Amino acid sequence: MAAEASGEQDPSTPACGESPGMKDNTLHTGSATQMSEMDKPLISRRLVDSDGSLAEAPSEAPKVGVLGSGDFARSLVTRLLGSGFSVVVGSRNPKRTAGLFPSAAQVTFQAEAVDSPDVIFVAMFREHYSSLCGLSDQLAGKILVDVSNPTEQEHLRRRESNAEYLASLFPTCTVVKAFNVISAWTLQSGPRDGNRQVPICSDHPEAKRAVSEMVQAMGFMPMDMGSLVSAREVEAMPLRLLPGWKVPALLALGLFIFFYVYNFVRDVLQPYVRDGKSKFYKLPVSVVNTTLPCVAYVLLSLVYLPGVLAAALQLHRGTKYRRFPDWLDHWLQHRKQIGLLSFFCAALHALYSFCLPLGRVSRYEVVNLAIKQVLANKSHLWIEEEVWRMEIYLSLGVLALGTLSLLAVTSLPSIANSLNWREFSFVQSTLGFVALVLSTLHTLTYGWTRAFEDSHYKFYLPPTFTLTLLVPCVVILAKGLFLLPCFRHRLSKIRRGWEKDGAIKFTLPMDHALAQKTSHV
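Residues numbered from 1 in each chain as written. Predicted model: local features only at pLDDT ≥ 70, side-chain atom pairs only at ≥ 80, totals over all residues. Heavy atoms only, no water.

1. Remarks on the packing of aromatic side chains
Logical step 1: Under the counting rule described, the total for this entry stands at 11 aromatic pairs.
Logical step 2: Every member of this aromatic cluster is reached through a ring pair, and the members are Phe 258, Phe 259 and Tyr 262.
Logical step 3: Taking NZ or CZ as reference, Arg 126 lies 4.4 Å from the ring centre of Tyr 165, over its face. (Phe/Tyr/Trp six-rings, centres within 6.5 Å; stacked < 30°, edge-to-face > 60°. Lys NZ or Arg CZ within 6 Å of the ring centre and 35° of its normal.)

Structure follows, in structure tokens:
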């Protein structure tokens with residue numbers, strides 16, 4: 001979530017007027033609560049008349065300046081104070097904005113706020129940078145930390161980043177780009193509830209080092225992005241909407257459209273064309289519920305297919321030191337997103353299945369079946385094979401969904417970070433393959449003998465479940481093939497550094513358990 005800055009203009013300037021603080025949608029702080037917690041605002045007595053006693057921050061604490069009074073500036077001040085810094089806030093109207101900040105912060109005019117601190121956070125909009133030009137002599141030699149973000153339109157329109165523009169206005173200062181990817185909410189609640197990484201870039205290594213130490217003191221993790229030229233790339237980070245999800249989402253959408261149309265032709269269009277029966281009522285629920293498990297099943301198989309292809313490529317090349325093709329490399333990097341989308345579709349399928357008996361269609365079908373049974377003078381309707389099939393089908397589906405849920409939970413960073421590599425690999429690789437096998441058995445039990453019955457080939461199209469079995473069966477067969485000793489031993493040697501025609505030649509240890517600890521693709 002993008003961090004937002006706030007800027008304000010001098011009330012005496014009629015051309016610009018007062019500029020409101022930048023709003024953060026994720027931060028909601030009641031003014032009444034703020035006033036009750038900060039009933040003793042720190043305003044310099046030299047600047048504002050006050051009869052109350054004003055407590056000063058400890059003089060030995062490192063002093064930091066903040067220019068701005070918006071949501072992000074207030075959250076930044078709160079975080080700095082909690083990390084042991086002494087903070088002085090510069091405002092053009094300190095008496096009005098003092099109540100917005102914690103009482104431990106000193107709120108004063110901008111000219112006084114920039115005097116003593118060596119590091120000053122500029123939490124203002126880009127268009128208000130020029131209002132600081134009058135302080136250029138006082139800011140000389142200081143480190144200015146730019147935390148602002150442009151809008152998407154501004155980023156596309158301008159070639160120069162906000163940080164580079166700030167550096168051009170103050171050539172005697174050292175400008176560092178940082179904290180723009182951290183939200184006001186993350187600053188207040190702590191790095192546990194948000195991204196810990198803080199990209200930092202500057203042309204001065206000493207300034208980067210100083211800001212990096214502050215980032216670590218605040219509980220975040222600095223990430224060096226190089227010189228200030230990289231500021232444009234850093235400012236683009238908060239503007240990206242789920243960049244790693246674009247391809248997996250399009251893949252899932254494409255699969256959904258394909259299977260939905262396929263099921264529509266078989267279950268709705270074919271009865272209407274052939275028998276004149278209108279079954280368009282199936283479109284909202286029944287066809288969707290038939291489509292979702294197909295998408296989930298194929299997506300799950302696509303999570304493990306690139307690993308099979310990578311292993312086959314390594315066996316063919318006889319080395320692990322050659323890069324995979326770009327398409328395979330990107331596919332491997334998107335496995336997590338594809339797996340989570342598979343779980344999402346499977347969970348929706350479970351919910352839709354629970355809702356099916358609640359619809360009018362199911363009630364009418366039960367009544368019609370009962371009437372047919374009475375008319376046929378059948379007092380007992382029981383098909384042993386169908387009963388067993390459905391019981392096994394439902395049980396396998398629940399087991400598959402439970403295993404998928406475990407995979408989805410361990411994909412969360414907070415859970416994944418608590419697991420060592422062997423535990424994570426076991427869950428994602430071994431249990432993931434178990435989930436694929438359970439899903440395959442679930443699908444086969446659903447299909448049963450339908451693939452061999454002519455009545456289920458509508459418009460000469462095979463049942464939908466037969467199409468979904470193609471990729472998963474290939475993955476399962478390939479995985480089983482790689483378990484054969486001739487392939488398993490060779491693949492283990494390659495992943496431990498052996499090369500077919502290279503200088504590195506060795507034999508695997510005799511201990512089979514040690515050989516199994518080799519990392520897998």
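2. Some remarks on the side chain of Ser 161
Logical step 1: Locating Ser 161 in the fold gives a position in the loop between α6 (152-157) and α7 (162-169).
Logical step 2: Apart from residues no more than four positions distant in its own chain, Ser 161 is found in contact with Arg 126, Ala 231, Arg 232 and Glu 235. (Helix = DSSP H or I, 4+ residues; strand = E, 2+ residues; numbered from the N terminus. Contact = heavy atoms within 4.5 Å.)

3. Focus on the pairing of strand β7 (residues 174-177)
Logical step 1: Neither face of β7 is left uncovered, since the one carrying Thr 174 and Val 176 and the one carrying Val 175 and Lys 177 both have all their residues buried.
Logical step 2: Judged from the 4 bridges that link them, strand β6 (residues 143-146) and β7 form a sheet pairing that is parallel. Residue Ile 143 lies in a different strand from β7, and its bridge partner there is Thr 174.
Logical step 3: Strand direction decides the pairing type here: β7 and strand β8 (residues 197-202), joined by 2 bridges, are antiparallel. Residue pairing for β8: Val 176 is matched across the bridge by Ser 202. (Buried < 20%, exposed > 50% of the residue type's maximum accessible area, 1.4 Å probe, protein only. Pairing = 2+ DSSP bridges.)

4. Observations regarding unusual backbone geometry
Glycine aside, a negative phi is what most residues show, and trans is what most peptide bonds show.
Logical step 1: Look at Trp 448: it is not a glycine, yet its phi comes out positive at around 55 degrees.
Logical step 2: Its relative accessible area of 38% is what places Trp 448 among the partly exposed residues.

5. What about the UniProt feature "transmembrane region" (unreviewed entry) in the chain?
Logical step 1: Taking the UniProt record as the reference, the feature "transmembrane region" (unreviewed entry) is found at residues 247-265, 285-313, 338-359, 392-412 and 465-487.
Logical step 2: The span residues 247-265 is 100% helix and 0% strand, and its two end C-alpha atoms sit 27 Å from each other.
Logical step 3: Secondary structure within residues 392-412 divides into 90% helix and 0% strand; the distance between the first and last C-alpha atoms comes to 31 Å. (UniProt positions renumbered as here; feature names shortened; annotations may be inferred.)

6. Quick word on the nonpolar core
Logical step 1: Formed by 43 residues in total, the largest nonpolar core has its most connected members in Leu 255, Leu 299, Leu 302 and Leu 407.
Logical step 2: For this core, the secondary-structure elements that each account for two or more residues are α11 (246-275), α12 (286-317), α13 (326-333), α14 (335-355), α16 (384-410), α18 (421-447), α20 (470-482) and α21 (485-495).
Logical step 3: Top element by residues in this core is α12. It accounts for 17 residues.
Logical step 4: Not counting residues within four places of it along the chain, the set of residues in contact with Leu 407 comprises Tyr 304, Val 427, Gln 428, Leu 431, Gly 432 and Ala 435.
Logical step 5: By size, the runner-up hydrophobic cluster in this structure holds 36 residues, among which are Leu 81, Ala 105, Met 214 and Phe 220. (Core = buried A, V, L, I, M, F, W, Y, C linked by side-chain atoms within 4.5 Å.)

7. Quick notes on α12
Logical step 1: In a regular helix each residue adds 1.5 Å, so 32 residues correspond to 46 Å; α12 covers 48 Å between its end C-alpha atoms and thus fits that length.
Logical step 2: The largest bend in α12 comes to about 30 degrees, at Val 303, with the proline Pro 306 one to four residues further on.
Logical step 3: Of all 32 residues in α12, 25 are buried; the element is thus mostly enclosed.
Logical step 4: Remark: Gly 318 follows α12 within two positions and exhibits a positive phi of approximately 75 degrees. (Expected span 1.5 Å × (residues − 1). Bend = angle between axes of the 7 residues up to and from the residue.)

8. Section: the environment of Ala 296
Logical step 1: Residue position: Ala 296 is located in helix α12.
Logical step 2: Sequence-wise, Ala 296 and Ala 347 are 51 residues apart; in three dimensions their C-alpha atoms are separated by 9.1 Å.

9. Looking at the packing of α12 against α13
Logical step 1: Close contact between α12 and α13 brings their axes to 9 Å; oriented N to C, the two are set at 135 degrees. Comparing their axes, α13 and α12 come out oblique. For the element pair α12 and α13, the recorded crossing hand is left-handed. Residues Leu 302, Leu 305, Pro 306, Gly 307, Leu 309, Ala 310 and Leu 313 of α12 touch α13, and the partners they reach there are Trp 327, Leu 328, Trp 331 and Leu 332.
Logical step 2: Of the residues that constitute the contact of α12 with α13, the class distribution is 10 nonpolar, 1 polar and no charged. (Axes fitted to C-alpha atoms, helices over the stretch in contact; angles between N-to-C directions. Parallel < 35°, antiparallel > 145°, perpendicular 65-115°, else oblique. Left-handed = near helix turned anticlockwise from the far one by under 90°. Nonpolar A, V, L, I, M, F, W, Y, C, P; charged D, E, K, R; others polar.)

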